[in-house]
Amino acid sequence: MKQSFTYYITLFIIKLKGLKKDFSQDPIDYKKIRKEDVRQPKGAFFKKHQTRTFTILNTSITEITSNKASGKLVLFIHGGAFISGPAKHHWDTIKTIVSQTNHTVWMCDYPKAPENTISLISQNIDEVYNTALKTYSAHQISCIGDSVGGTLITALVQRLVQKHMELPAKVILVSPVMDATLSNPDIDKVDPLDPMLSKKGVLSAKQMCAENNDLKNSMISPLYGSFENFPHTILYVATHDITYPDQKLTIEKLIKTNTQVAIIEGEKMPHIWPFLPVMKEAKKALKQIIDSLNE
């Protein structure tokens, strides 16, 4: 498949910003990466649609409500390697979701590493979901997460299944990081092709978040957990993304458990491609996400 002109513009911007270089550091410079954080959105749209901000444990929730809200909720768990975020592209994605669906969105700004470990972060995600259940039925909730946001959502669902709790209607995972060990040998083949991430920096970020240096704990590496009884799962993957080899293993597990799963593969696409600005392929993918929420 031939990539669009805007695809090459996007790659140029990624290179210009030096993301690959930032993610090639060990230890990763999380303070530098956090300079891109946008903790509260700006602009007329968010002034009009932001209904409230509140706190659940150590997580700041920004609630954005559609004019045609129908009692459905998106829990949006942003990515950022556990060390940063949310970023502008997350808020832009939420703006599109709120504009084009009848869902309310909770942007979940959870505590970050290295100040916090995966246990505390996971406790926060669990409590956010439990709090959502006080207002919404589980079948009214969809979860969307990119990168480690997808990690946290997958691990949340695994815990919900273990506890025999009600599951969200749908989970949408965009370039989820499924194995924090990054030990899959195929990753080394993809690393030179990945314009955004590098194994060295991503592994450093995971080590900052891991508890007792255990990178195989399913809270941080859901690939090692169970995929039985998963809800409808939509998975966006990219062939030029170092997280892709472990996503392929995840897909195999989801298929073995007869999960209703849809896989959208972006040929030569980078990490979190559906959320990237400018790119024609990203706009098409985000429209697919919107359509799946509107089903």
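This one's a predicted model, so the numbers in the text were calculated from it and none came from an experiment.

Focus on the environment of V177
- The residue V177 is located in the loop between β6 (170–174) and α8 (187–190) in this model.
- For the pair V177 and T154, spaced 23 residues apart in sequence, the C-alpha to C-alpha distance is 9.7 Å.
- Among all residues touching V177, those that are not within four sequence positions of it are S147, V148, T151, K206, P222 and T243.

Points about a nonpolar patch on the surface
- On the surface, a nonpolar cluster with roughly 400 Å² of combined accessible area is contributed by F12, I13, L16 and V278.
- Position of I13 among the secondary structure elements: in helix α1 (residues 5–17).
- Judged by relative accessible area, which is 36%, I13 ranks as partly exposed.

Details of helix α7 (residues 148–162)
- Over its 15 residues, α7 extends 21 Å from the first C-alpha to the last, a length consistent with the 21 Å expected when each residue adds 1.5 Å.
- Taking burial as the measure, the 15 residues of α7 include 14 buried ones, the bulk of the element.
- Once α7 ends, the next one or two residues include H164, with phi positive near 60°.

What to know about the packing of aromatic side chains
- As enumerated under the stated definition, the model contains eight aromatic pairs in all.
- For the ring pair F45 and F46, a centre distance of 5.3 Å and an interplane angle of 85° mean the geometry is edge-to-face.
- Geometrically, the ring pair formed by F76 and F275 is stacked, given 5.8 Å between the ring centres and 25° between the ring planes. With F76 in strand β3 (residues 72–77) and F275 in the loop between β8 (261–266) and α11 (280–294), this pair connects stretches of sequence that are 199 residues apart.

Side note on unusual backbone geometry
- Note the cis peptide between D26 and P27, where omega equals 5°.
- Mapping P27 onto the fold places it in the loop between α2 (19–22) and α3 (30–33).
- Omega for the peptide link from A113 to P114 comes to 5°, which places this bond in the cis form.
- Turning to its location among the elements, P114 is positioned in the loop between β4 (103–109) and α6 (118–132).
- Unusually for a residue other than glycine, H164 sits at a positive phi of about 60°.
- Residue H164 is classed as exposed on the basis of its relative accessible area, which comes to 75%.
- Even without being glycine, I272 reaches a positive phi, approximately 50°.
- Looking at the secondary structure, you find I272 in the loop between β8 and α11.

Criteria and thresholds
- Residues numbered from 1 in each chain as written.
- Predicted model: local features only at pLDDT ≥ 70, side-chain atom pairs only at ≥ 80, totals over all residues.
- Heavy atoms only, no water.
- Helix = DSSP H or I, 4+ residues; strand = E, 2+ residues; numbered from the N terminus.
- Contact = heavy atoms within 4.5 Å.
- Patch = residues over 30% accessible without salt bridge, like charges linked within 9 Å, V, L, I, M, F, W, Y side chains within 5 Å.
- Areas by Shrake-Rupley, 256 points an atom, 1.4 Å probe, with all protein chains shown as cover.
- Salt bridge = Lys/Arg side-chain N within 4 Å of Asp/Glu carboxyl O.
- Buried < 20%, exposed > 50% of the residue type's maximum accessible area, 1.4 Å probe, protein only.
- Expected span 1.5 Å × (residues − 1).
- Phe/Tyr/Trp six-rings, centres within 6.5 Å; stacked < 30°, edge-to-face > 60°.

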